[in-house]
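What the coordinates show
The lines below spell out each chain.
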Amino acid sequence: MINSQLEHDYAKALAALINAGVWDPIEDLQAIMSKHFSSGVLPDSKRLASFRQDVADRCARTPLGHILGYVDFADLRFVVGSGVFVPRVQSMAIVQWIEQNLSLDDRSTVYDLCAGVGAIGLAIWSRTSAKVVCVEIDAIAQIYLKRNIQRLNNDGPGVTLCEADITQIEAFESVRGSADVIVSNPPYVPQDTVLLPEWGVHHPATAIFAPDEGTALIEASARLANSLLKPCGTLLIEHGESQEQQVGSILEVHGFSSICTFVNEHFSDATGPSVTTVGTKV
Ligand SMILES: C[S@@+](CC[C@H](N)C(=O)[O-])C[C@H]1O[C@@H](n2cnc3c(N)ncnc32)[C@H](O)[C@@H]1O
């Protein structure tokens, strides 16, 4: 009886998710099922009701991470929730590029600009032992970032939070010329763009959209990177598919050479490609 109720709910939920336009309905449904029914506890009416509510939220296109309360990235589990950006697999291209092309260790310093909940920065720290400074302006994101640093790094010295606005370059005067690598996945979507509801409705606009055809925070990242990096230091910026030329010009203007944009097919998904530009400080 219980199993047939669950089977009925599963079939109904799957049909609803497909109907709502969710791009990966089976994977999302399995994750929501695991949240409610994986503990061996029988699916009583309360559990069924919360399961149905979560499915309804996903059908309303609430991001899966906000429903589950976590997202996995680089073999690490990050706490996330409403009001913060859910890290995307696309950003793994930055982590992998650093692993494959640079030799960082605990004497290296990396800045993660626009760090959000800290996924890129903490992943780099966990894979290279570099010291990482996560710079984030938003108060809600800072709360999650503190939790993730505490949970993953146990508040050790390897990863620190810098509550700052990357456009205020003078706030970083004391650490000028101290960084080996800067990474940034800033808000880069042009302001009038219509996005899937997961990003257009359920994410904070300040994490997604930026002025100047989406390039304002890309430019702020390049400007600050030029000031923070040691000579020959590396900058990696994630951005949109159509922004390659603009980002290349911005990096050139701000003193970078060997500029190269790459699309990483392995870390692209149905929601878009993984696009990153790399440059070396002259
Ligand atoms: C696209 S999200 C990326 C978050 C994170 N890097 C990731 O990949 O998961 C952009 C983040 O930049 C932050 N942000 C926006 N403007 C900023 C600024 N002026 N200074 C610092 N952080 C900023 C937002 O609050 C948001 O957390």
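Residues numbered from 1 in each chain as written. Predicted model: local features only at pLDDT ≥ 70, side-chain atom pairs only at ≥ 80, totals over all residues. Heavy atoms only, no water.

**Some remarks on the environment of Val263**
Rule in force here: Here a helix means four or more residues in a row that DSSP labels H or I, a strand means two or more in a row labelled E, and each is numbered from the N terminus. We call two residues in contact whenever any of their non-hydrogen atoms come within 4.5 Å of each other.
Among the secondary structure elements, Val263 is positioned in strand β10 (residues 256–269). Between the C-alpha atoms of Val263 and Gln90, which are 173 residues apart in sequence, the distance is 9.5 Å. Residues within four places of Val263 in sequence aside, it is in contact with Pro273, Ser274 and Val275.

**Things to note about the site of the ligand**
Using the following cut-off: When at least one non-hydrogen atom of a residue lies within 4 Å of a molecule or strand, that residue is treated as near it. We define a polar contact as two N or O atoms separated by no more than 3.5 Å, with the added condition that, inside protein, one atom must be a possible hydrogen donor and the other a possible acceptor, whereas residues neighbouring each other in sequence contribute only through side-chain atom pairs. Note on residue classes: Ala, Val, Leu, Ile, Met, Phe, Trp, Tyr, Cys and Pro are nonpolar, Asp, Glu, Lys and Arg are charged, and everything else, Gly too, is polar.
Around the ligand lies a shell of 19 residues, among which Cys114, Glu136, Asp165, Asn185 and Ala207 are the nearest. One of the side-chain nitrogen or oxygen atoms of Asp165 is found 2.8 Å away from a nitrogen atom of the ligand. Of the residues contributing to the shell around the ligand, the split by class is 12 nonpolar, four polar and three charged.

**Quick word on the domain arrangement of the protein**
We count it as follows: All the domain ranges listed were derived from an automatic or database domain assignment.
Taken domain by domain, the protein consists of domain 1 (2–60) and domain 2 (84–281). The C-alpha-based centres of domain 1 and domain 2 are spaced at 35 Å.

**Quick look at the nonpolar core**
Considering soluble globular proteins, one finds that nonpolar side chains tend to be buried as a cluster. Basically, it comes down to this: By convention a nonpolar core is built from buried Ala, Val, Leu, Ile, Met, Phe, Trp, Tyr and Cys residues, the set being connected through side-chain atoms within 4.5 Å. We call a residue buried when its accessible area falls under 20% of the maximum for its residue type, exposed when it is over 50%, and partly exposed in between, using a 1.4 Å probe and counting protein chains only.
With 39 residues, the main nonpolar core has Phe73, Phe78, Ile98, Ile124, Val183 and Leu236 as its most contacted residues. Among the secondary structure elements, those contributing two or more residues to this core are β1 (70–73), β2 (76–79), α5 (92–101), α6 (119–128), β4 (131–136), α7 (139–153), β6 (179–184) and β10. Ignoring anything within four residues of it in the chain, the contact list for Ile98 reads Leu104, Ile124, Thr128, Val181, Val183 and Leu236. Residues Phe85, Ala179, Leu217 and Ala225 belong to the second largest nonpolar core, which totals 30 residues.

**Quick notes on the pairing of strand β11 (residues 272–281)**
Every other side chain in a regular strand lies on the same face of the sheet, so the side chains alternate between the two faces. Put simply, the test is: For two strands to count as paired, DSSP must find a minimum of two bridges between them.
Taken across its 10 residues, β11 has eight buried, putting it largely inside the fold. Judged from the five bridges that link them, strand β9 (residues 229–238) and β11 form a sheet pairing that is antiparallel. When the sheet's bridge partners are listed, Leu236 is paired in β11 with Val278. Where β10 meets β11, eight bridges bridge the pair, whose relative direction is antiparallel. Across the sheet, residue Asp269 finds its bridge partner in β11, namely Gly272. Two successive antiparallel strands, β10 and β11, enclose a turn made up of two residues.

**Description of the packing of helix α2 (residues 25–37) against helix α3 (residues 45–59)**
Heads up, the rule is: Only the stretch in contact is used when fitting a helix axis, every axis being a line fitted to C-alpha atoms; angles between N-to-C directions are given from 0 to 180 degrees. Any angle that falls under 35 degrees is termed roughly parallel, while one over 145 is termed roughly antiparallel, one within 65 to 115 roughly perpendicular, and all others oblique. Each crossing is labelled by how the near helix is turned from the far one, with a counterclockwise turn of less than a right angle marking it left-handed and a clockwise turn marking it right-handed.
Running from amino to carboxyl end, α2 crosses α3 at an angle of 155 degrees, the nearest separation of the two axes being 10 Å. Relative to α3, the element α2 lies roughly antiparallel. Considering how the two elements wind past one another, α2 and α3 form a crossing that is right-handed. Of the residues in α3, those in contact with Asp28, Leu29, Ile32, Met33, Lys35, His36 and Phe37 of α2 are Arg47, Leu48, Ser50, Phe51, Asp54, Val55 and Arg58. By residue class, the composition of the contact of α2 with α3 is seven nonpolar, two polar and five charged.

**Comments concerning the sheet that holds β4**
If you walk across this open sheet you meet the seven strands as β5-β4-β3-β6-β9-β11-β10, and the pairing is mixed. Of all the strands in the sheet, the pair left with one neighbour each is β5 (159–163) and β10. Averaged over all pairs of adjacent strands, the angle between their axes in this sheet comes to 20 degrees, without regard to strand direction. Relative to β4, strand β3 (residues 109–113) runs parallel, the two sharing five bridges. Looking across to β4, one finds that Val110 is bridged to Val132.

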